[in-house]
Amino acid sequence: LGYRVAWAEADAMKEGADKQAARLAALKILSGIIERDPRFRDLVYDQLAAQIPDNANLTGLMPMQQLAVAYAKSTGQKGDTPESRKSLQAAVNAAVAVLANKSASASEQLEATFLAGVCNALLNQLSDAAKYNIAFAETAPTDPRAKALIELAVQQIGELRRIAGGNGISPELRDLQNRA
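Residues numbered from 1 in each chain as written. Predicted model: local features only at pLDDT ≥ 70, side-chain atom pairs only at ≥ 80, totals over all residues. Heavy atoms only, no water.

Colleague: Please clarify how the pattern of salt bridges should be interpreted in this entry.
Modeller: A side chain with one charge can pair with a side chain of the opposite charge if their charged atoms come near. Inspection of every chain in the model, using the stated rule, returns seven salt bridges. The salt bridge involving Arg145 is made with Glu111; its shortest N-O contact spans 2.9 Å. Separated by 34 residues along the polypeptide, Arg145 in the loop between helix H7 (126–139) and helix H8 (146–164) and Glu111 in helix H6 (residues 106–122) bring together distant segments of the chain. Between Glu159 and Arg162 there is a salt bridge, with its nearest N and O atoms 2.5 Å apart. Taken together, the residues span about one helical turn, with Glu159 and Arg162 both in helix H8 at a distance of three residues. Exposure remark for Glu159: the relative accessible area of 28% places this residue in the partly exposed category. The exposed category is assigned to Arg162, whose relative accessible area is 56%. Here the salt bridges share partners, and the residues they tie into one network are Arg41, Glu111, Asp143 and Arg145. (Salt bridge = Lys/Arg side-chain N within 4 Å of Asp/Glu carboxyl O. Helix = DSSP H or I, 4+ residues; strand = E, 2+ residues; numbered from the N terminus. Buried < 20%, exposed > 50% of the residue type's maximum accessible area, 1.4 Å probe, protein only.)

Pasting the structure below:
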């Protein structure tokens, strides 16, 4: 309720720095909910994503809104149909937009890294998936998801090595292997 009141007050303001600051303060309320109890993550992102048009320009959104788009586009996707792959790629794009957003907090960047890894894995983009999964685990080694992501990255690296066969592995893949 606090978020909705704060967002409504921000919407009533004239365009400018004050309105942007008020919107950020409203989103901070939602961020606080997620930090206090991660079980509300999906609910918060679902409600936030419902307010964002499908054709919204990702660079014009705030980091938490970009994350909401990434969550919404990735939820329930398996990458097994062209539509699912398109949705997962949109999720990756939104997650990468968070990582490029200078105003993104450390927790927003961490969540974007998680989503980029999982979505790339579903798209069978194994090198990118391993890169993001390892980056997540390095940044948040005590996060309950970190161990599973490292195990997944090791499997992804193994599959990339198998695909490379006798041609050896690239320096980038060797670096990922060493970091995992």
